[in-house]
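Each chain, letter by letter, is given below.
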Amino acid sequence: MKPLRKLIRPLDAVLMIVILLASFIPVGVFAWQQFQTPVAPPGSTIYAVITINGVEYGRFPLYEGASEYFEITSEDGWLIGDQYNWIEIDGEQVRVNRDNSPDQIGVMMGWASRPGQTIIVLPHRLLIHIVEVHPPDYVPDDDVVIPF
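This section reports on the structure supplied with the text.

Rules and cut-offs
- Residues numbered from 1 in each chain as written.
- Predicted model: local features only at pLDDT ≥ 70, side-chain atom pairs only at ≥ 80, totals over all residues.
- Heavy atoms only, no water.
- Helix = DSSP H or I, 4+ residues; strand = E, 2+ residues; numbered from the N terminus.
- Buried < 20%, exposed > 50% of the residue type's maximum accessible area, 1.4 Å probe, protein only.
- Contact = heavy atoms within 4.5 Å.
- Pairing = 2+ DSSP bridges.
- Axes fitted to C-alpha atoms, helices over the stretch in contact; angles between N-to-C directions.
- Core = buried A, V, L, I, M, F, W, Y, C linked by side-chain atoms within 4.5 Å.
- Patch = residues over 30% accessible without salt bridge, like charges linked within 9 Å, V, L, I, M, F, W, Y side chains within 5 Å.
- Areas by Shrake-Rupley, 256 points an atom, 1.4 Å probe, with all protein chains shown as cover.
- Salt bridge = Lys/Arg side-chain N within 4 Å of Asp/Glu carboxyl O.
- Phe/Tyr/Trp six-rings, centres within 6.5 Å; stacked < 30°, edge-to-face > 60°.

## Some remarks on the overall build of the chain
Next, step 1: Scanning the chain from terminus to terminus reveals 4 helices and 7 strands.
Next, step 2: In the chain, the order of α-helices and β-strands from amino to carboxyl end is α-α-α-β-β-β-β-β-α-β-β.
Next, step 3: Here the chain holds 148 residues, and the buried ones make up 24% of them.
Next, step 4: Considering only contacts in the chain between residues 6 or more positions apart, those separated by 24 or more positions represent 40%.

## Things to note about the sheet that holds strand S3 (residues 67–73)
Next, step 1: The 3 strands lie next to each other as S3-S4-S5, forming an open sheet whose pairing is antiparallel. With one partner strand each, in any of the chains shown, S3 and strand S5 (93–99) form the two edges of the open sheet. Each strand axis lies, on average, 20° off the axis of its neighbour in the sheet, ignoring direction.
Next, step 2: The pairing of S3 with strand S4 (residues 84–90) spans 7 bridges and is antiparallel. Bridge pairing links Glu-68 to Ile-89 in S4.

## Observations regarding the nonpolar core
Next, step 1: If you look at the biggest cluster of nonpolar residues, it comprises 19 residues, and the most contacted ones within it are Ile-50, Ile-72, Ile-87, Val-94, Leu-126 and Ile-128.
Next, step 2: Counting only elements with at least two residues in this core, the list comes to strand S1 (45–52), strand S2 (55–62), S3, S4, S5, strand S6 (118–121) and strand S7 (126–133).
Next, step 3: Apart from the residues within four sequence positions on either side, Ile-128 is in contact with Ala-48, Val-49, Ile-50, Ile-87, Val-94, Val-96, Gln-117, Thr-118 and Ile-119.

## Overview of the sheet that holds S7
Next, step 1: Read across the sheet, 4 strands follow the order S2-S1-S7-S6 without closing on themselves; strand pairing throughout is antiparallel. With one partner strand each, in any of the chains shown, S2 and S6 form the two edges of the open sheet. For this sheet, the mean angle separating the axes of adjacent strands, direction not counted, is 20°.

## As for unusual backbone geometry
Excluding glycine, residues mostly carry a negative phi; peptide bonds, for their part, are mostly trans.
Next, step 1: With a phi angle near 55°, Asn-53 is a residue other than glycine that sits in the positive phi range.
Next, step 2: Of note, Asn-53 is situated in the loop between S1 and S2.
Next, step 3: With relative accessibility at 52%, the residue Asn-53 sits in the exposed group.
Next, step 4: Of note in the backbone geometry, Gln-104 takes a positive phi value of approximately 60° without being a glycine.
Next, step 5: By the secondary structure assignment, Gln-104 is in the loop between S5 and helix H4 (105–108).

## As for a nonpolar patch on the surface
Next, step 1: A cluster of nonpolar side chains, namely Ile-105, Met-108, Met-109, Ile-120 and Leu-122, defines an oily patch on the protein surface of about 520 Å² accessible area.
Next, step 2: Of note, Ile-105 is situated in helix H4.
Next, step 3: Residue classification places Ile-105 among the partly exposed positions, given a relative accessible area of 47%.

## Some remarks on the packing of aromatic side chains
Note on aromatic pairs: each is described by the distance of the centres and the angle between the planes.
Next, step 1: Within this structure, the stated rule accounts for 3 aromatic pairs.
Next, step 2: Ring plane angle 20° and centroid distance 5.1 Å describe the contact between Tyr-69 and Trp-86, whose orientation is recorded as stacked. Of this pair, Tyr-69 sits in strand S3 while Trp-86 sits in strand S4, and the two are 17 residues apart along the sequence.
Next, step 3: With a relative accessible area of 42%, Tyr-69 lands in the partly exposed category.

## Here we look at the pairing of S7
Next, step 1: Pairing of S1 with S7 involves 8 bridges; the strand directions are antiparallel. Counted as the bridge partner of Tyr-47 is Val-131 from S7.

Right under this line is the structure:
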């Protein structure tokens with residue numbers, strides 16, 4: 001058997017390094033897109049929409065100074081058995097503070113504050129989705145049609 005040195009040519013090593021570096025390009029692009037924060041138009045509001053088993057539980061506005069801490073339980077008729085979720089809203093962000101799901105994935109997801117972010121507690125069928133609601137007269141720049 002030939003030694004490993006004789007099996008790898010110099011250009012093979014260069015090619016492996018280039019492929020390794022290129023494999024990180026999607027991670028960089030994804031991270032860059034996630035941290036682009038578009039400027040919200042005046043009058044738009046950001047909400048945390050909580051749904052349980054596909055039914056909307058409530059919409060909670062996220063704004064500076066907002067503060068809520070509440071429990072969603074099976075006694076309310078929303079969850080099954082002895083399930084519970086403690087939801088915390090602190091200013092412009094929301095999170096699942098405590099729950100009794102087995103893996104605590106919803107708790108580990110942390111805070112959500114940007115439109116499009118979600119927090120999911122799958123065993124309880126709980127979904128918190130951040131949405132942005134624009135004023136009725138809002139027209140996005142990319143939808144403006146200019147006649148010729």
